[in-house]
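# A look at the structure
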Amino acid sequence: MAGIKALVGLSFSGAIGLTFLLLGCALEQYGVYWPLFVLIFYVLSPIPTFISRRLSDDDSSSNACRELAYFLTTGIVVSSFGLPVVLARNSTIQWGACGLVMTGNAVIFLTILGFFVIFGGGDEFSWEQW
């Protein structure tokens, strides 16, 4: 039952993060949908970790595959926070929209981190069950 509560909590926080992202795009004073390109980063960010967990045999020690996955994931996350700032500095979007998008980024990436913390361990709950 704890796994279902965690899954509901993660889906709720993901919905909140996407709401911030859409507010940054769809509010009448902003009206520009360029910040939606951060959705690509949301999809790409867990992929290196999934691949490294699939390929690595030992969970206790660090290895090159896992460290490369952490490096690539960090680059993807930093890029998703940098894109709204670059768009705002270029006057493509307004700074208020940049703030909303960055708030949505923080909530979504904390949700992804929570997913890996809750369902990533070798306990009785696993993401493979869902």
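Since the structure is predicted, the reported quantities are computational estimates derived from the model, not experimental observations.

Criteria and thresholds
All chains use their own residue numbering, which begins from 1 and follows the written sequence. Confidence filtering applies because this is a predicted model: local features only for residues at pLDDT of at least 70, side-chain atom pairs given and counted only at 80 or more, and all residues used for totals across whole chains, interfaces and linings. With hydrogens and water stripped out, all remaining heavy atoms of the structure feed into the side-chain values. Labels follow the DSSP assignment, with helices taken as runs of H or I lasting at least four residues and strands as runs of E lasting at least two, numbered in each case from the N terminus. For the exposure calls, accessible area comes from a 1.4 Å probe over protein chains only, and a residue counts as buried if that area is under 20% of its type's maximum, exposed if over 50%, partly exposed in between. The contact rule is simple, with two residues in contact once any of their heavy atoms fall within 4.5 Å. Throughout, the Shrake-Rupley method with a 1.4 Å probe supplies accessible areas, and for residues the shown protein chains are the sole cover considered. UniProt positions are given in the numbering used here, feature names are shortened, and annotations may be inferred rather than shown by experiment. Every axis in this analysis is a line fitted to C-alpha atoms, fitted for helices over the stretch in contact. Angles between the N-to-C directions lie between 0 and 180 degrees. What sets the label is the angle itself: under 35 degrees gives roughly parallel, over 145 gives roughly antiparallel, 65 to 115 gives roughly perpendicular, and the rest give oblique. Here the term charged refers only to Asp, Glu, Lys and Arg, the term nonpolar to Ala, Val, Leu, Ile, Met, Phe, Trp, Tyr, Cys and Pro, and the term polar to all other amino acids, Gly among them. Side-chain atoms within 4.5 Å link the members of a nonpolar core, which is a set of buried Ala, Val, Leu, Ile, Met, Phe, Trp, Tyr and Cys residues.

Check the secondary structure of the chain and you find 5 helices and 0 strands. When its helices and strands are written in sequence order, the chain yields α-α-α-α-α. The proportion of buried residues among the 130 residues of the chain is 32%. At a minimum sequence separation of 6, the contacts of the chain that also span at least 24 residues come to 65%. Summed over all atoms, the accessible surface of the chain reaches about 8100 Å², with 68% contributed by carbon and sulfur.

Further remarks concern the UniProt feature "transmembrane region" (unreviewed entry) in the chain. The UniProt entry lists residues 6–23, 30–48, 68–88 and 100–120 under the feature "transmembrane region" (unreviewed entry), expressed in the numbering used here. Within residues 6–23, the helical portion is 100% and the strand portion 0%, while the C-alpha atoms at the span's ends are 26 Å from each other. Between the C-alpha atoms that bound residues 30–48 there is a distance of 33 Å. The span itself is 47% helix and 0% strand.

As a packed pair, helix H3 (residues 47–55) and helix H4 (residues 64–89) sit with axes 8 Å apart at the nearest point and diverge in direction by 175°. The orientation of H3 with respect to H4, classified from their angle, is roughly antiparallel. Contact residues: Pro48, Thr49, Ser52 and Leu55 in H3; Cys65, Arg66, Ala69, Leu72, Thr73 and Ile76 in H4. Residue composition of the contact of H3 with H4, grouped by class: 6 nonpolar, 3 polar and 1 charged.

This brings us to the nonpolar core. In terms of nonpolar packing, the biggest core is built from 10 residues, these being Leu21, Val38, Phe41, Tyr42, Ile76, Val101, Ile108, Phe109, Ile112 and Phe116. Put simply, the parts of the chain that give this core at least two residues each are helix H2 (38–44) and helix H5 (95–119). At 5 residues, the largest contribution of residues to this core is made by H5. Leave out the neighbours within four places in its chain, and Ile108 touches Gly14, Gly17, Leu18 and Tyr42.

So, on to the environment of Ala88. Note on placement: Ala88 falls in helix H4. Assessed through its relative accessible area of 4%, Ala88 is described here as buried. C-alpha of Ala88 to C-alpha of Gly99: the two residues are 11 residues apart in sequence and 9.6 Å apart in space. The contact partners of Ala88, leaving out residues within four places of it in the chain, are Ile93, Gln94, Trp95 and Cys98.

Our next topic: the environment of Val85. As for its placement among the helices and strands, Val85 is situated in helix H4. Here Val85 falls in the partly exposed class, since its relative accessible area comes to 30%. Each C-alpha atom, one on Val85 and one on Ala97, is 9.9 Å from the other, the two residues being 12 residues apart in sequence. Sequence-distant contacts of Val85, defined by excluding residues within four places in its chain, comprise Trp95, Cys98 and Met102.

Phi at Ser91 is positive, roughly 60°, even though this residue is not glycine. Mapped onto the fold, Ser91 is located in the loop between H4 and H5.

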